[in-house]
Amino acid sequence: MASVTTESERRNLSRAPAVEVENVVRRFGDVEALARVSLTVRQGEFFSLLGPSGCGKTTLLRIIGGLDVADEGTVRIGGVDMRAIPAHKRPVNTVFQSYALFPHLTVRDNVAFGLRMKRVAPVEIARRVAAVMEMVEIAELADRKPAQLSGGQKQRVALARAIVNEPQVLLLDEPLGALDLKLRKQLQVELLSLQRRLGITFIYVTHDQEEALVMSDRIAVMRAGRIEQMGDAEALYERPRNRFVGQFLGSVNLIDATVKRREGDDLWVETEVGTLRVSANGQTSPAAQQSKFTLAIRPEKVSMFPATEGVGENRFRVRVEELIYIGSETHYLLRAGSLTLRAEVMNVRVGSQGFDLGQEAMVYLPPGGLIILDD
Amino acid sequence: MRRRISAPMWLVAALLYVFMYAPIAVVVVYSFNAAKHGGPWAGFTTEWYARLLDDELKKQAALNTFILAGVSTAVATVIGTMLGYGLSRYWFPGKRLFSWLMYIPVVIPDIVMAVAMLMFFGLVREWIGLFELGMTTMIIAHITFQIPFVAIVVRARLIGLDPSLEEAAHDLGANSWQTFWQVTFPQMVPGILAGAMLAFTLSLDDFVVSFFTTGPGATTLPILIYASVKRGVTPDINALSALIVAASVVGTLGVTLLQRQPHKIGG
């Protein structure tokens, strides 16, 4: 009977989310580093905490790992409450920003450290350490000391040292932050394929929006101890909830709007460039119910036409104030009255793209590309 | 950028070295002088060194010196290491005041320290009858001035350590005990050894504190040399001094080597 309960319990636990954070508060003196943060990370997910420095993302990671303690709230890992469980007994491992490799130990002994602490049999340790070092391609560095490694090699050792323990969740604190761009791009791909192969849940802290977009299944954008928005890369990029999220992930044009008329899913708003139709289909912002709000549109959603075409719905005349030709695209800074607008146009036509500095053009803002922001 | 050193700078540097090392060089050179009562050079000899080996009084003093330095360094290293660790890793009421007080034995003149020790031992002897002046009191006095040196060196080493090393150990399943012995302590070792060598050298060379806290039968080399010199400098004293200089040089060289960080090779 008892074994049946245990079995069903275990099945329940295996279905539990990898990590659940509920109403976590952390204060440093008068500053709330985390103000009632809640989130759920699914099993096997690549989850990123994205935000500027000081937003609380690293503090949250440390609380999940047990290296810091929440003042309020709970953290569950695999369905188990972690409040009373110290860092060294949690089923998680961390890759530190500074790598934190033990300087007095060889690469092999660094990687074996966690298994030795768990008193795994030496034969088993040797086998697993060798396998993991092979996997992250550091086998030939086994007898070196950390001081004899390059940044990229240290990063791989730090990764090997963590994953050899087969944690339920791997916590990564800006693991690529200290590397140059080229190496970072290469390791992003490797890290992602490693995560897919191992099936370990990753929680990844970064301030690099592109890195988060490229790698994550889901992203939580944080600011000042709060989660501003959570979702997959596309949802965050296409439907940012507010200015902060919109501007942190890529760039946006902002347009102040006053509602004139509502009809079904459509809104007609008055702006600096005249009346615009906004498709509210799929827009969840509570601001859509207000009479005034800010609209956002991504620069690549702005279409440009020759000035000879007529004015129509969501079409208006602009002047090219600045242009940056970058080969595959041209970036324009456009002016319409008091409004400046960024447009990014793919250079799909053969030959000249047709818009010169100081020239007039027509732009079209698609009703579905106009995003209603909360603030 | 490496600037050329001009001739006047060479001269100043040379004078500085002469100023610092000429007296020591004279002692070392004269320890090989065949002349019996100092004076002008009378040929090379190692007789004075050979004679030291036959001098039971000097051999006993050398033995006392090394027992004193060895025992006091061992005790001061253990206590000083714990103190340095505590000061860098824990918070307690009055920590700042205590950290500051730790420097007092370092900056206080030896003579004040020596007189204070003498008075202290005298008082304790009156109350509980212990601490007859001798080897024990000398060892205790040396431990007293050695502890802060060890603690300061060890603490400096710990403060320079990446705090995430200990966190990484915890994260990888090490409890506090394992973290200390597997990660923190190995990082402290160079600091501990450097502190110990410093303490050993200080004890070896100490005259003032030893002179005030010693008793009958516990003569150390510095005390013996002082007593002998009052009767005139003899060549065997030169030889003895040269040996002490050699021991001190080895000690300080060891400290320097241990405090040097391992070179970075990777790139």
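Residues numbered from 1 in each chain as written. Chains lettered and ligands numbered in written order. Predicted model: local features only at pLDDT ≥ 70, side-chain atom pairs only at ≥ 80, totals over all residues. Heavy atoms only, no water.

**Focus: the side chain of Thr73 of chain B**
All names here are of chain B.
Moving on, step 1. Checked against the element boundaries, Thr73 lands in helix H3 (residues 56-89).
Moving on, step 2. A distance of 2.6 Å separates a polar side-chain atom of Thr73 from the backbone oxygen of Ala69.
Moving on, step 3. Sequence-distant contacts of Thr73, that is, excluding residues within four places in its chain, are made with Gln146, Ala196, Ala199 and Phe200. (Helix = DSSP H or I, 4+ residues; strand = E, 2+ residues; numbered from the N terminus. Polar contact = N/O pair within 3.5 Å; in protein donor to acceptor, adjacent residues only side chain to side chain. Contact = heavy atoms within 4.5 Å.)

**Side note on the nonpolar core**
As a rule of thumb, soluble globular proteins bury nonpolar side chains together.
Residues and elements named next belong to chain A.
Moving on, step 1. Ranked by internal contacts, the top residues of the largest apolar core, which has 37 residues, are Val107, Val111, Val129, Ile138, Leu159, Leu170 and Leu172.
Moving on, step 2. Only helix H3 (107-117), helix H4 (122-135), helix H5 (151-163), strand S7 (169-173), helix H6 (181-198) and strand S8 (201-206) provide two or more residues apiece to this core.
Moving on, step 3. In terms of residues, this core owes the most to one element, H5, which gives six residues.
Moving on, step 4. Those residues within four positions of Val129 in sequence are excluded, and the remaining contacts are Arg108, Val111, Ala112, Leu115 and Val164.
Moving on, step 5. One finds Ile255, Val278, Ala288 and Val318 within the second-largest nonpolar core, a separate group that totals 31 residues. (Core = buried A, V, L, I, M, F, W, Y, C linked by side-chain atoms within 4.5 Å. Buried < 20%, exposed > 50% of the residue type's maximum accessible area, 1.4 Å probe, protein only.)

**Concerning a nonpolar patch on the surface**
Moving on, step 1. A contiguous nonpolar surface patch, about 570 Å² in accessible area, is contributed by Leu63, Ile67, Val71, Val75, Val78, Ile79 and Met82 of chain B.
Moving on, step 2. Tracing the sequence through the fold places Val75 of chain B in helix H3. (Patch = residues over 30% accessible without salt bridge, like charges linked within 9 Å, V, L, I, M, F, W, Y side chains within 5 Å. Areas by Shrake-Rupley, 256 points an atom, 1.4 Å probe, with all protein chains shown as cover. Salt bridge = Lys/Arg side-chain N within 4 Å of Asp/Glu carboxyl O.)

**Considerations on the pattern of salt bridges**
Two side chains bearing opposite charge may form a pair once their charged atoms approach each other closely.
Moving on, step 1. Under the counting rule described, the total for this entry stands at 39 salt bridges over all chains.
Moving on, step 2. A salt bridge links Arg277 of chain A to Asp266 of chain A, with the nearest nitrogen and oxygen atoms 2.9 Å apart. You can see Arg277 of chain A sitting in strand S13 (residues 274-279) and its partner Asp266 of chain A sitting in strand S12 (residues 266-271), a full eleven residues away along the chain. By the burial criterion, Arg277 of chain A is buried, and Asp266 of chain A matches it.
Moving on, step 3. Between Lys59 of chain B and Glu56 of chain B there is a salt bridge; the shortest N-O distance is 3.7 Å. You can see Lys59 of chain B and its partner Glu56 of chain B sitting in helix H3, three residues apart, about one turn around the helix.
Moving on, step 4. In this structure Lys59 of chain B comes out as partly exposed when scored by relative accessible area, which is 39%.
Moving on, step 5. A relative accessible area of 55% means that Glu56 of chain B is categorised as exposed.

**Considerations on the sheet that holds S7 of chain A**
Each strand in a sheet pairs with its neighbour through backbone hydrogen bonds, running either in the same direction (parallel) or in the opposite one (antiparallel).
All names here are of chain A.
Moving on, step 1. Pairing within the open sheet is mixed, and its six strands lie in the order S6-S7-S8-S3-S9-S10. Only two strands of the sheet have a single partner each, and these edge strands are strand S6 (92-95) and strand S10 (226-231). Looking at each pair of strands side by side, their axes are set apart by 20° on average, direction ignored.
Moving on, step 2. Across five bridges, strand S9 (residues 218-223) lies against S10 in antiparallel orientation. Bridge assignment links Arg223 to a residue of S10, and that residue is Arg226. (Pairing = 2+ DSSP bridges. Axes fitted to C-alpha atoms, helices over the stretch in contact; angles between N-to-C directions.)

**As for the sheet that holds strand S15 (residues 303-306) of chain A**
Residue and element names in this part refer to chain A.
Moving on, step 1. Taken together, the five strands give an open sheet; going across it, the order is S15-S19-S16-S17-S18, and neighbouring strands pair in antiparallel fashion. Because the sheet does not close on itself, it has two edges, and the strands there are S15 and strand S18 (339-346). Taking each pair of neighbouring strands and ignoring which way they run, the sheet shows an average axis angle of 45°.
Moving on, step 2. Pairing of strand S16 (residues 315-325) with strand S19 (residues 360-364), which is carried by five bridges, proceeds in the antiparallel orientation. Residue pairing in the sheet places Val318 in a bridge with Ala361 of S19.

**Thoughts on the interface of chain A and chain B**
Moving on, step 1. Taken together, the contact pairs 25 residues of chain A with 22 residues of chain B.
Moving on, step 2. Together, His88, His104 and Met117 of chain A form the three largest contributors to the area buried by chain A at its contact with chain B, with a combined 27%.
Moving on, step 3. The interface formed by chain A and chain B contains one salt bridge.
Moving on, step 4. A salt bridge links Arg62 of chain A to Glu167 of chain B; the shortest N-O distance between them is 2.7 Å.
Moving on, step 5. At the boundary of chain A and chain B, one finds eight residue pairs in polar contact (both at pLDDT 80 or more).
Moving on, step 6. Mapped onto the side of chain A that touches chain B, the elements with two or more residues apiece are S6, H3 and H5 of chain A.
Moving on, step 7. The residue inventory of the side of chain A that touches chain B, partitioned by class, reads twelve nonpolar, nine polar and four charged. (Buried area = accessible area lost by both parts, 1.4 Å probe. Nonpolar A, V, L, I, M, F, W, Y, C, P; charged D, E, K, R; others polar.)

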